Amino acid sequence: FYATGNHREILLMLGQDVTDHVGANVKFLEQQEIKSRGEIPRVEHKAKELGFSSWAKPTLTVPADCAEWANGEQQYVLLFPQTDASCRQWPVAYWNELYSLLDTLGHNPCVVLGTPDHRFPVKRCVVLNTGHTAALIQRAKLVIGNDSFAVNLTACTDTPAIALLGPTTANVFAHAPNVVCLQTPTDVVACSGCWFHPPWSSCCHYGCVALSNLVPSYVAECAVAVLSQRVAQVRENELRVLDSVGP
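Quick caveat: nothing in here was measured; it's all calculated off a predicted structure.

1. Topic: the packing of helix α5 (residues 92-104) against helix α9 (residues 216-227)
Right, on to step 1. In the contact formed by α5 and α9, the axes pass within 9 Å of each other and the chain directions differ by 45°. By the angle between their axes, α5 is oblique relative to α9. By crossing handedness, the relation of α5 to α9 is classed as right-handed. In contact with Tyr94, Glu97, Leu98, Leu101 and Leu102 of α5, α9 contributes Pro216, Ser217, Val219, Ala220 and Ala223.

This is the structure in C-alpha cells:
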C-alpha cells in the first residue's frame, strides 16, 4: 500500500507492506462507487483495482510501550469527534451532549483527539498519537466516531464501533461486522450520500442535514444497546438495534 504520515504508521501496525509508490487509483474507485450508487462494498472496488480475489482482516499489533500504557488505563467508551472531511463532521455540541448522556448513565466516556481542541470541555479528554490511540481502541468497550480514522481502525479489531454516517453509504463498512452504521432514517431526511446521486457533489456545502438530524439521544440509546449486546446482525452489515430503539 502507498501511505504517508499517520496512515503509514497505521498500516505498519496492521502488518501491511508500505510503498513509496501510489497504489489503488482513487479516481477509479470514485467512478466505480458512483456507477454502483454505493451498493457494492468499497472493499470490493479496492480489491478489484489491486487485483485481489479475496481478503482477510489484518491483525493490529501496537507498539509494546503503547500496549503497556493502555493496559494501565480504564476501559472507556471512546468518542472520536475530529475528522478532516467537514462533510462528515457531526456537530460539536452533539458530541458534548453525547458525552454527558453516557457519563450520566455510568458508561465511562472519553473524548480522544489527534490535536488539541478547546471546543470539548469535558472531564475526560485526551490528545494521543497514533500508537496510543490504537492501543486504547483495542482495550475500549465501544468506539463512536465519524466516517474517519478511528472507526476504520476499529474495524480491524474486535472492539465494537458505531459509525455516524451522513454523506456516506453504510457499505463502506460492509467488511466489518463489528461496526454499527447509524444514519438518519430516510423518512426524516432522504439522504443516501451526496456523492451517489445528482448533482454528484462530494459533500453538502450547507452542512450535512442528515448528520444534524442524527440526534445525541438516539446515538446514546444505540450505544447502550450495543454495550448490552442487544443487536441483531443482518446481511448488508446493518445492525438493527432491538427493543424499539429509535430517534
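2. As for the sheet that holds strand β1 (residues 77-80)
Right, on to step 1. With parallel pairing, the six strands of this open sheet are ordered in space as β3-β2-β1-β4-β5-β6. The two strands at the open ends of the sheet, each matched to only one other strand, are β3 (125-127) and β6 (179-182). Averaged over neighbouring strand pairs, the angle between their axes works out to 25° when direction is ignored.
Right, on to step 2. Across the sheet, α9 touches β1, β4 (142-146), β5 (161-164) and β6, and the angle it forms with β4 is around 150°.

3. Observations concerning the packing of helix α4 (residues 64-71) against helix α6 (residues 130-139)
Between two packed helices, both the angle of their axes relative to each other and the distance between the axes serve to describe the pair.
Right, on to step 1. Viewed as axis vectors pointing N to C, α4 and α6 meet at an angle of 45°, and their least axial separation amounts to 8 Å. Between α4 and α6, the angle falls in the class oblique. α4 and α6 meet at a crossing whose hand is right-handed. Counting all contacts with α4, which are made through Cys66, Ala67, Trp69, Ala70 and Asn71, the residues of α6 involved are Gly131, His132, Ala135, Leu136 and Arg139.
Right, on to step 2. Taken together, the residues that form the contact of α4 with α6 break down as six nonpolar, three polar and one charged.

4. Structural notes on the environment of Phe149
Right, on to step 1. You can see Phe149 is positioned in helix α7 (residues 149-154).
Right, on to step 2. On the basis of relative accessibility, which here comes to 31%, the residue Phe149 falls in the partly exposed class.
Right, on to step 3. For the pair formed by Phe149 and Phe80, sequence separation is 69 residues and the distance between their alpha carbons is 8.9 Å.

5. Observations concerning the nonpolar core
Right, on to step 1. By size, the foremost hydrophobic cluster in this structure holds 29 residues, and its most contacted members are Leu78, Phe80, Val143, Phe173 and Val179.
Right, on to step 2. Of all the elements in the fold, those that place two or more residues in this core are α4, β1, β2 (109-113), α6, α7, β5 and β6.
Right, on to step 3. The element that contributes the greatest number of residues to this core is α6, accounting for four residues.
Right, on to step 4. Setting aside its immediate chain neighbours within four residues, Val143 contacts Leu78, Phe80, Ile137, Ala150, Thr154, Thr159, Pro160, Ala161 and Ile162.
Right, on to step 5. Ranked by size, the runner-up nonpolar core spans 26 residues in total, among them Val92, Val122, Val180 and Ala220.

Procedures and definitions
- Residues numbered from 1 in each chain as written.
- Predicted model: local features only at pLDDT ≥ 70, side-chain atom pairs only at ≥ 80, totals over all residues.
- Heavy atoms only, no water.
- Axes fitted to C-alpha atoms, helices over the stretch in contact; angles between N-to-C directions.
- Helix = DSSP H or I, 4+ residues; strand = E, 2+ residues; numbered from the N terminus.
- Parallel < 35°, antiparallel > 145°, perpendicular 65-115°, else oblique.
- Left-handed = near helix turned anticlockwise from the far one by under 90°.
- Contact = heavy atoms within 4.5 Å.
- Pairing = 2+ DSSP bridges.
- Nonpolar A, V, L, I, M, F, W, Y, C, P; charged D, E, K, R; others polar.
- Buried < 20%, exposed > 50% of the residue type's maximum accessible area, 1.4 Å probe, protein only.
- Core = buried A, V, L, I, M, F, W, Y, C linked by side-chain atoms within 4.5 Å.

Structural measurements only, silent on function.
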